Amino acid sequence: MPAEASPLKVTIQDSIKDAMRAKDKERLAVLRQISAAIKQVEVDNRVDLSDDDIVVILTKMSKQRREALEQYENASRADLADIEKAELAVIEEFMPEQLSEEEVAQEIQTAIEEADASSIKDMGAVMNVLRPKIQGRADMAAVSGKVKSALSN
């Protein structure tokens, strides 16, 4: 680990140690998946990740679990859906607090003004302003839809 490890990475490593001591196998498995995903990106890119970079990884993992959960529920596989819910709960422990609908709407409005956007053609510019502010704190697909409808009006 680097001299200045990301605080979020340190928290995850400490949680792994706690889960090992508590012999909580399910939690430990998910924490190790998170750690492995972080290490994979660090090795591939030869960088030490910041908290923001780790949140991007956690967001991706969270999205994967939600999609799998939806698939399992549609297939009436409650056993597998329960596993995905448990994994999702562990992953979300390390994510920033989610924004409320009102906060997302306010951020979108601010970004539209900041990007001086007037039409749907300016959507990319608005999303570029929004992404760093709300990544990991809101579902970006839903935010994208809201930006599109705001710019269509």
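As a reminder, the structure under discussion sits directly above these lines.
Here we summarise the structure given alongside this text. (Residues numbered from 1 in each chain as written. Predicted model: local features only at pLDDT ≥ 70, side-chain atom pairs only at ≥ 80, totals over all residues. Heavy atoms only, no water.)

**Quick notes on the pattern of salt bridges**
Test applied: Put simply, a salt bridge is a Lys or Arg side-chain nitrogen that is within 4 Å of an Asp or Glu carboxyl oxygen. Secondary structure elements follow DSSP: runs of H or I of four or more residues count as helices, runs of E of two or more count as strands, with numbering from the N terminus. Buried, partly exposed and exposed residues are distinguished by accessible area as a fraction of the type maximum, computed with a 1.4 Å probe on protein chains only: under 20%, between the cut-offs, and over 50%, respectively.
Inspection of the entire model under this criterion finds 10 salt bridges. Between Asp18 and Arg21 there is a salt bridge, and its shortest N-O distance comes to 3.0 Å. With Asp18 and Arg21 both in helix 1 (residues 7-22) and three residues apart, this pair spans about one turn of that helix. Residue Asp18 is classed as partly exposed on the basis of its relative accessible area, which comes to 46%. Put simply, Asp79 and Arg77 hold a salt bridge, and the shortest N to O gap is 3.0 Å. Within the structure, one salt-bridge network assembled from shared partners comprises Arg65, Glu84 and Glu87.

**Some words on the side chain of Thr59**
Heads up, the condition is: The criterion used for residue contact is that any of the two residues' heavy atoms lie within 4.5 Å.
Considering the arrangement of structural elements, one finds Thr59 in helix 3 (residues 51-74). Beyond its immediate chain neighbours, meaning those up to four positions away, Thr59 contacts Met95, Gln135 and Gly136.

**Section: helix 6 (residues 123-134)**
An α-helical turn contains 3.6 residues, so any two residues separated by three or four positions project in the same direction. To keep things clear, this is the line we draw: Expected helix span is computed as 1.5 Å times (number of residues minus one). To be clear, the arc concerns the directions from the helix axis to the C-beta atoms.
With 12 residues, helix 6 should cover 16 Å at 1.5 Å per step; its first-to-last C-alpha distance of 16 Å lies within 8% of that length. Within the sequence span of helix 6, burial applies to Met123, Val126, Met127, Val129, Leu130 and Ile134. Viewed end-on, helix 6 has its buried residues packed into an arc of 165°, placing them on one side of the element. Among the exposed residues of helix 6, those pointing more than 90 degrees away from its buried face are Asn128 and Pro132. Turning to helix 6, the residues buried within the fold contact helix 5 (101-114) and helix 7 (140-152). Just beyond helix 6, the residue with positive phi is Gly136, at close to 85°.

**Things to note about the environment of Ile16**
On the secondary structure map, Ile16 appears in helix 1. On the basis of relative accessibility, which here comes to 8%, the residue Ile16 falls in the buried class. For Ile16, the residues in contact, after removing those within four places along its chain, are Leu28, Leu31, Arg32 and Ser35.

**A short note on helix 2 (residues 25-45)**
Between the first and last C-alpha of helix 2 there are 30 Å, a value that for 21 residues agrees with the 30 Å anticipated at 1.5 Å per step. Residues of helix 2 that are buried include every one of Leu28, Val30, Leu31, Ile34, Ser35, Ile38 and Glu42, and no others. Tucked into the core, helix 2 has its buried residues touching helix 1, helix 3 and helix 4 (78-92). Count one or two residues on from helix 2 and you reach Arg46, which has phi positive near 55°.

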